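# Chains, contacts and geometry: an overview
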Amino acid sequence: MGRVKIRGVSRKFVKDEVSGTLALDNVSLDIEDKEFVCFIGPSGCGKTTLLRIVSGLDLPDAGEVFVDNERILSPGPKRGMVFQEYSLFPWKSVIDNIIFGPQMRGTRKKDAIEEAQKYLELVGLEQFRDSYPHELSGGMKQRVAIARALANEPEVLLMDEPFGALDAQTRNTLQHELLSIWQKKNITILFVTHSVDEAVFLADRIVIMTARPGKIKEIIKVDIPRLRDRTSLEVNQLRNRVLKLLAEEQKK
Amino acid sequence: MARGRFQKLKNKGVEILSVISAVIIWQLVADYIVRNRFFLPSFTDVAEAFLITVSRQGIFPFMGMDLELPVLLVDTLYSLMHFSIGLVAALVIGIPVGMIMGWFRSLERVFDPIIEIIRPIPPLAWIPFAIIWIGLNPFGAGFVIFVGALFPIIINTFTGFKSVPRIYVEAAKVLGCTADHDLIRRIAIPSALPSIAAGIRIAMGVGWMCLVAAEMFGVSRNGLGFKIWHNYYLHRMDFVLVYMLVLGFLGLLIDRAFRSYLEEKFFKWRTGVVM
């Protein structure tokens, strides 16, 4: 199960005693098990902060987050995370990166490797098993990062603009792959992006956030069946709607 | 095989020629311009002295036995012993201190002012206290080398630990690695290792430079540094030069060996580590 409950979460970044920025202002949201939710909003709207709070890397100043009724106070292996920056450990080979999580839970190396092989296949990188991160392209690095997060068998996968640094073609391929992984693994995905195209292609629901302080402006349910045709009329209409909502925020 | 080696020599032609020319100029200057063996021994004088140090036997006590070895080798072994005592002590103390300072912010503030005050004192200024505290024995010499080697190790370990990319720590945390000791062992140490290794390399250089002075105050009757002074008092400048050159070559050799060891260790995950 991977139900996420966000209740009245606020987060303020304090610079000094007088000034501070309110990054998130009283955000509440319920995310169903196995749902794919995309967060989109103007830059600096706190979408990454929200994701970090769900992961446990950051704590809210007010409000709370629950995953399956368990309050989140620290990071844990049930919530996997894929970062925008390349986060693979450069001193470990691909396979050793993937078994890092299982090994921390005490799985024997031999068993962990066997298990990891499956995830390596899932992201299509079997032949790069013993390569080091510096030998991989950006897209391959993020694939390994996804495999590494999945190897912990998380219930919720948090993705913070994971394809932001990739070129357009690689990005499209990885979106396809992510959808098929999501369908195979039956997990909840919270996906932060700044690309309307990406959100429209991937999400069950798109959460549009306001400019600072970040609040939820609107939640759009996407009913278009997958795989979505990026150039179809419905997709374009939806994209227009999201873009308009975002434009309102940009003006502020 | 032989052809390959010949090819290698051919590629190094300029370098070899450069060394040979320097030796020839040295010989000519010594023989025809200076003409004073005390003031500038010639290359052949030094070569002769070298052969004498190699052919004469000395005694090296080792595990209860007195090994009879060429004098030069005995001196080298003594020097390496002094050097290792200092370097090992510096590693044992310097690495943990640097790690703690780099990882725990509050402890950085505790250690930093003390280190910054002691660090600028030249290692050789510690010689009087090395004699009083430790005495005229190999450990006294080791202490001076220790002081020289300690700070590069602390500072580089500290810097390496402080600049562990936050993203690796956070990635480890979300993968279930949350305890401080796990994060230090699995993330901070491997991430800081190139910086620590560079610190050790600097420390070995500084320690080696301290060696001559550390052996000067009579910690033993052998040692490359000691023999420089010993031969100077005997006015055997050709022997002084032999020991100078041996110190130089050995320093070079130690540095090269360590560097190739590092490259072997790191080239797998880091291309182009600048050391």
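Now for a look at the structure at hand. (Residues numbered from 1 in each chain as written. Chains lettered and ligands numbered in written order. Predicted model: local features only at pLDDT ≥ 70, side-chain atom pairs only at ≥ 80, totals over all residues. Heavy atoms only, no water.)

### Observations concerning helix α4 (residues 109-122) of chain A
All names here are of chain A. The cut-off we apply is this: Runs of E in the DSSP output that reach at least two residues are strands. Runs of H or I that reach at least four are helices, and both are numbered from the N terminus. Between the first and last residue of a helix there are one fewer steps than residues, each counted as 1.5 Å, and that sum is the expected span. When a residue's accessible area, from a 1.4 Å probe over protein chains only, is under 20% of the maximum for its type it is buried; when over 50% it is exposed; and in between it is partly exposed. Residue contacts follow a heavy-atom distance rule, with two residues in contact if any of their heavy atoms lie within 4.5 Å.
An ideal rise of 1.5 Å per residue puts 20 Å on 14 residues; α4 measures up with 20 Å between its terminal C-alpha atoms. Inspection of α4 places Ala112, Ala116, Tyr119 and Leu120 among the buried residues, and these make up the whole buried set. Buried residues in α4 make contact with α2 (94-98), α3 (100-104), α5 (138-150) and α6 (168-185).

### Here we look at the packing of aromatic side chains
The line we're drawing: We call Phe, Tyr and Trp rings a pair once their centres come within 6.5 Å, taking the six-membered ring for Trp, and we label the pair stacked below 30 degrees between planes, edge-to-face above 60, and tilted otherwise. Should the NZ of a Lys or the CZ of an Arg lie within 6 Å of a ring centre and within 35 degrees of the ring normal, that charge is described as sitting over the ring.
Taken as a whole, this structure holds 19 aromatic pairs over all chains when the rule is applied. With 5.6 Å between their ring centres and 85° between their planes, A:Trp91 and B:Tyr168 make a pair best called edge-to-face. In this pair, A:Trp91 sits in the loop between β6 (79-82) and α2 while B:Tyr168 sits in helix α8 (residues 166-174), so the two residues belong to two different chains. For the pair formed by A:Trp91 and B:Tyr168, the shared burial category is buried. Ring geometry for B:Phe143 against B:Phe146: centres 6.0 Å apart, planes inclined by 35°, an arrangement best described as tilted. Here B:Phe143 pairs with B:Phe146, and both are found in helix α7 (residues 138-162), just three residues apart, close to one helical turn. B:Phe143 gets classed as buried once you look at its relative accessible area, which sits at 14%. A relative accessible area of 13% means that B:Phe146 is categorised as buried. An aromatic cluster of at least three residues, connected via ring pairs, comprises B:Trp126, B:Phe129, B:Trp133, B:Phe143 and B:Phe146. The ring of A:Tyr86 is capped by A:Lys141, whose NZ or CZ atom sits 4.7 Å from the centre of that ring.

### As for the sheet that holds strand β3 (residues 36-40) of chain A
All names here are of chain A. Let me state the cut-off plainly: Any two strands with at least two DSSP-identified bridges between them are counted as paired. To obtain each axis, a line is fitted to C-alpha atoms, and for helices this fit is confined to the stretch in contact; angles are then taken between N-to-C directions over 0 to 180 degrees.
Spatially, six strands are ordered β6-β7-β8-β3-β9-β10 in an open sheet, and the strand pairing comes out mixed. The sheet terminates laterally at β6 and β10 (216-221), the two strands that pair on one side only. Taken pair by pair, the neighbouring strands of this sheet meet at an average axis angle of 15°, ignoring direction. Pairing analysis gives four bridges linking β6 to strand β7 (residues 156-160), with the strands arranged parallel. Of the residues in β7, the one forming a bridge with glycine 80 is leucine 157. Set on the sheet, helix α1 (residues 47-55) makes contact with β3, β6, β7, β8 (188-192) and β9 (205-209); between it and β7 the angle comes to about 150°.

### What to know about the interface of chain B and chain A
The condition that has to hold: Put simply, buried area is how much 1.4 Å-probe accessible surface two parts lose in total, over both of them, once they are put together. When a carboxyl oxygen of Asp or Glu lies within 4 Å of a side-chain nitrogen of Lys or Arg, that pair is called a salt bridge.
Each partner contributes residues to the interface: chain B has 22 residues there, and chain A has 24 residues. Across the chain B/chain A interface, buried area totals approximately 2000 Å², and carbon plus sulfur atoms make up 72% of it. Ranking the residues of chain B by area buried against chain A places B:Val174, B:Leu175 and B:Trp269 at the top, with a combined share of 36%. If you look at where chain B meets chain A, you find one salt bridge. A salt bridge links B:Glu170 to A:Arg52, with the nearest nitrogen and oxygen atoms 2.7 Å apart.

### Looking at the side chain of A:Arg52
One can find A:Arg52 in helix α1. Of the residues examined, A:Arg52 reaches a relative accessible area of 15% and is grouped as buried. Other than its neighbours up to four places away in sequence, A:Arg52 contacts A:Leu57, A:Asp58, A:Met81, B:Arg166 and B:Glu170.

Function cannot be read off these values alone, since they describe shape.
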